[in-house]
Protein chains: 2
Amino acid sequence: LDNLLLTEVAYQQVAPRLAPHSERLRVLRMQADGTLKLGDRTVTTAQLPVHLCWLSGDLIDSGSVAEFIGAVMQAEDLRWLQTVTAGLDHPLFKALFDRGVRLCNSDAQAPAIAEYVLASVLYRYQQFPDRVARQQAGQWQPNDFREIYGSHWLIIGFGNIGRRVGRIAQGFEARVTGVKRIAKPLPDADLIISFADLDGHIGAADVVVLACALTEETRGLLDARRLQAMKPGAVLVNIARGEVVDEAALVRVLDSGHLDYAVLDVFQQEPLPADSPIWQHPRVLLTPHSSNRGAGTPGRGLALFADNLDAYLAGRPLRNEVDATFF
Amino acid sequence: LDNLLLTEVAYQQVAPRLAPHSERLRVLRMQADGTLKLGDRTVTTAQLPVHLCWLSGDLIDSGSVAEFIGAVMQAEDLRWLQTVTAGLDHPLFKALFDRGVRLCNSDAQAPAIAEYVLASVLYRYQQFPDRVARQQAGQWQPNDFREIYGSHWLIIGFGNIGRRVGRIAQGFEARVTGVKRIAKPLPDADLIISFADLDGHIGAADVVVLACALTEETRGLLDARRLQAMKPGAVLVNIARGEVVDEAALVRVLDSGHLDYAVLDVFQQEPLPADSPIWQHPRVLLTPHSSNRGAGTPGRGLALFADNLDAYLAGRPLRNEVDATFF
């Protein structure tokens, strides 16, 4: 019998998918107050060691996140963990991976994030605030607009999210260059280059999308020099991690007018401090680390966990299982 | 020798592409004041009958549109006309077609219009005004959003523009149904239906895009009954012609909250009258018949004319030549 740890909230949603495994699983439900339930009984992980775990999205806003993470850290018999996150930069994951725990990250947010990227670039290209102002003023006056058609996109990090952005941008007939650790041809891009070749391509892109994991290789990747090397009038979109960009240098390159616009969902410090010049910058559209919040994300995340649980129990390969190259 | 009629503005742009045909063409350039020039000489179409014609985009805002159209109407020897427009509902075109003139419409605006459609739906789905208001207020507060992923799109009229919308929407993993006069499988749609089957499908669509020509079949197509049959919460986008929709019925169905939103680039009367309730409707985004005004449209239009002129003079097939089914 395997012991599965998840939150009460997650359990309420996934219960129908767990029912077929009732002979194989003990389901340990962490309550909002940090206590653990097995059926009606309050239990502890000392009594029932955790073997499997679903780190679900509701945890982030719950009161028991510290207890949950603590239980995972101490679970010496943990064999598999499914996380709701795409990025694995939280130190927990590396520690678990090094202990031999099988880890699956999530691609459930990829459609939402990709739509956020396209929506934001189109919002800037088509100047919606101008359109709305003219409508409100009753002015029958057209506005010309930039097109994605024929534009060059450089997508730094070409995992689930980057590839989906590339696929959609190709639907618009953009030319897509993807940046990966190891350059090899992939669908959804016209060209894949390695990080080592970034400097040869960054000046050609109309749109640069940061979609990479935060690693020692990507921390500070877009520094002052590379920001200045970007194409004049380019748009930057960061849905990766704030630490990938030198934020102070970004503000300078926006102030100078060298870049047209930055769409930022992530920041070096979150929440973004109240005194940051980014809040009111006329060339910035910012959102509070929420590009994943499409209506379909929770359902896709639940299906991913449940499908992977089925696969784990049947001894089949898992979807989105990470390997050493992630860290 | 063929006599080609175009505007002076169009000539200035396309001159390098005409140079190779100098032995075959006399180029008649209509000036802003309505006079006609051949080289430095002022001429008339009585002296030099028009054989070929480019009806270019600059005409719409020029002072000589009446003279130009008049010259075309009277050109009894006209053999081919390339128009900048996608729609051929202006009576001029039917009259020319009936006289045996070969007509080519334009697909140059299709990328711009398709991007306008996607941008507008994403603008509504992702609630950009809310995002911007929170940013301006310094509020770190996420907004959930609808996704195109998994949504159903009904694209009424599946020509150059409709197909491009379908292709891009499929890139987002939307399910696309195209409506054509004759239903036969086509790329860029999961299903093609005929106008006769519209009523069986209109209630399933999250997004309905009007991209059809204005014909006797499509005039008043979206009447009060069909608007009411649309899916609750659906979004309507009209980049076809205002007359395809019953505008008064649309306002009622928006007032009732049955539809979530309408994106309107065309109207029964243009410019939209100042007293129309559409201007200030909270569920309408309107633009002044300008969804075609992407930065690439003029260049693509010029290339289309010049390529078709090359083809015409070489006796090769023309791109976008229309047949009787257009009228």
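Residues numbered from 1 in each chain as written. Chains lettered and ligands numbered in written order. Predicted model: local features only at pLDDT ≥ 70, side-chain atom pairs only at ≥ 80, totals over all residues. Heavy atoms only, no water.

**Comments concerning the sheet that holds strand S1 (residues 2-7) of chain A**
All names here are of chain A. Formally: When DSSP finds two or more bridges between a pair of strands, those strands are recorded as paired. In DSSP terms, a helix is any run of H or I states spanning at least four residues, a strand is any run of E spanning at least two, and both are numbered starting from the N terminus. Think of each axis as a best-fit line through the C-alpha atoms, taken over the contacting stretch in the case of a helix, with angles from 0 to 180 degrees between the N-to-C directions. Two residues qualify as a contact provided that any one of their heavy atoms is within 4.5 Å of a heavy atom in the partner residue.
Taken together, 7 strands build an open sheet; the order of strands is S4-S3-S2-S1-S5-S6-S7 and the sheet is mixed. Where the open sheet ends on each side, the last strands, each with one partner, are strand S4 (41-43) and strand S7 (102-104). The sheet shows a mean angle of 25° between the axes of neighbouring strands, direction not considered. Contacting S1, strand S2 (25-30) and strand S5 (52-55), helix H1 (residues 8-18) runs over the sheet at an angle of about 130° to S1.

**Some points on the relation of the copies chain B and chain A**
Cut-off, in case you're wondering: Here the copies are matched by least squares. The fit uses the C-alpha atoms of residues with pLDDT of at least 70 in both.
By a simple turn and slide, chain B fits onto chain A: the slide is 0.0 Å along the axis, the RMSD is 0.0 Å, and the turn is 180°. The operation mapping one copy onto its partner corresponds to a two-fold rotation axis. Comparing interface residues between copies, 100% of those in chain B also sit at the interface in chain A, which points to an isologous, same-surface contact.

**Considerations on the confidence of the model for chain A**
To keep things clear, this is the line we draw: pLDDT is a residue-level measure of predictor confidence that goes from 0 to 100.
Summarising the model, chain A shows a mean pLDDT of 97, and 100% of its residues fall at 70 or more. Here the prediction assigns the complex a pTM of 0.95, and the interface score ipTM is 0.95.

**Brief notes about the interface of chain B and chain A**
For clarity, the cut-off: Two parts placed together each lose some accessible area; with a 1.4 Å probe, that loss summed over both constitutes the buried area. Take a side-chain nitrogen of Lys or Arg and a carboxyl oxygen of Asp or Glu: if they are within 4 Å of each other, that pair is a salt bridge. Contacts described as polar in this section are N or O atom pairs within 3.5 Å, which, within protein, must combine one atom able to donate a hydrogen with one able to accept it, while residues neighboring in sequence count only if both atoms come from side chains. Residue polarity follows a fixed list, in which Ala, Val, Leu, Ile, Met, Phe, Trp, Tyr, Cys and Pro are nonpolar, Asp, Glu, Lys and Arg are charged, and the others, Gly among them, are polar.
Listed per partner, the contact involves 56 residues of chain B and 56 residues of chain A. When the two sides are added together, the surface that chain B and chain A hide from each other amounts to roughly 4,600 Å², 61% of it contributed by carbon and sulfur. Among the residues of chain B in contact with chain A, Glu115, Gln135 and Trp140 of chain B are the three that bury the most area, contributing 18% of the side total. Our count for the chain B to chain A interface comes out at 8 salt bridges. Arg300 of chain B is paired through a salt bridge with Glu147 of chain A; the nearest N and O atoms lie 2.8 Å apart. In this assembly, chain B and chain A are joined by 28 residue pairs in polar contact (both at pLDDT 80 or more). Within the residue set of the side of chain B that touches chain A, elements represented by two or more residues are helix H4 (110-125), helix H5 (128-136), helix H6 (160-171), strand S14 (284-286) and helix H9 (297-314) of chain B. The element best represented in the side of chain B that touches chain A is H4 of chain B, accounting for 9 residues. Partitioning the side of chain B that touches chain A into residue classes produces 26 nonpolar, 18 polar and 12 charged.

**A few points about the side chain of Glu247 of chain B**
Residues and elements named next belong to chain B. Convention followed: Buried, partly exposed and exposed residues are distinguished by accessible area as a fraction of the type maximum, computed with a 1.4 Å probe on protein chains only: under 20%, between the cut-offs, and over 50%, respectively. When charges are counted, Lys and Arg are positive and Asp and Glu negative, with His and the chain ends excluded.
Of note, Glu247 is situated in helix H8 (residues 247-255). Arg252 provides the closest opposite charge to the buried, unpaired Glu247, separated from it by 11 Å. A polar atom in the side chain of Glu247 sits 2.9 Å from the backbone nitrogen of Gln268. Ignoring any residue separated from it by four or fewer positions in sequence, one finds Glu247 in contact with Phe267, Gln268, Leu272 and Ile278.

**With respect to the packing of aromatic side chains**
Note the following rule: For Phe, Tyr and Trp, where Trp contributes only its six-membered ring, two rings pair if their centres lie within 6.5 Å, and the inter-plane angle classes them as stacked under 30 degrees, edge-to-face over 60, or tilted in between.
One pass over the full model with this rule turns up 17 aromatic pairs over all chains. Look at Tyr123 of chain A and Phe128 of chain A: their rings are 6.2 Å apart centre to centre, the planes differ by 0°, and that puts the pair in the stacked class. Overall, Phe128 of chain A belongs to the buried group, its relative accessible area being 1%. Between the aromatic rings of Trp279 of chain A and Trp140 of chain B, the centroid separation amounts to 6.5 Å while the plane-to-plane angle is 80°, which identifies the pairing as edge-to-face. You can see Trp279 of chain A sitting in the loop between strand S13 (261-264) and strand S14 (284-286) and its partner Trp140 of chain B sitting in the loop between H5 and strand S8 (152-156), one on each of two chains. For Trp140 of chain B, a relative accessible area of 26% corresponds to the partly exposed category.

**Considering the sheet that holds strand S7 (residues 102-104) of chain B**
All names here are of chain B. Pairing in this open sheet of 7 strands is mixed, and the strands run S4-S3-S2-S1-S5-S6-S7 from one edge to the other. Either end of the sheet is taken by a strand with one partner, and the two such strands are strand S4 (41-43) and S7. Put simply, the sheet's adjacent strands are angled 25° from each other on average, direction ignored. Looking at chain direction, strand S3 (residues 36-38) and S4 are connected through 3 bridges and run antiparallel. Bridging across to S4, Lys37 finds its partner in Thr42. Sheet contacts for helix H1 (residues 8-18): strand S1 (2-7), strand S2 (25-30) and strand S5 (52-55); angle to S1, the most-contacted strand, approximately 130°.

**What to know about unusual backbone geometry**
Along the chain, Glu270 of chain A connects to Pro271 of chain A via a cis peptide bond; the corresponding omega equals -10°. Relative to the helices and strands, Pro271 of chain A is located in the loop between S13 and S14. A positive phi angle is found at Asp188 of chain B, which is not glycine, with a value near 75°. Considering the arrangement of structural elements, one finds Asp188 of chain B in the loop between strand S9 (175-180) and strand S10 (191-194). Judged by relative accessible area, which is 11%, Asp188 of chain B ranks as buried.

**Structural notes on H4 of chain B**
In plain terms, the rule: How far a helix is expected to stretch is found by multiplying one less than its residue total by 1.5 Å.
Compared with the 22 Å implied by 1.5 Å per residue over 16 residues, the 23 Å span of H4 of chain B between its first and last C-alpha is a close match. Two residues or fewer past H4 of chain B, Gln127 of chain B is found with a positive phi of approximately 55°.

**Topic: the packing of H1 of chain B against H9 of chain B**
Residue and element names in this part refer to chain B. Note the threshold: When the near helix sits turned anticlockwise from the far one by under a right angle, the crossing is termed left-handed; a clockwise turn instead gives a right-handed crossing.
For the pair H1 and H9, interaxial distance at closest approach is 10 Å and the crossing angle is 35°. Read as a crossing pair, H1 and H9 show a hand that is right-handed. Across from Gln13, Val14, Arg17 and Leu18 in H1, the residues of H9 making contact are Leu302, Phe305, Ala306, Asp307, Leu309 and Asp310. Considered class by class, the residues forming the contact of H1 with H9 number 6 nonpolar, 1 polar and 3 charged.

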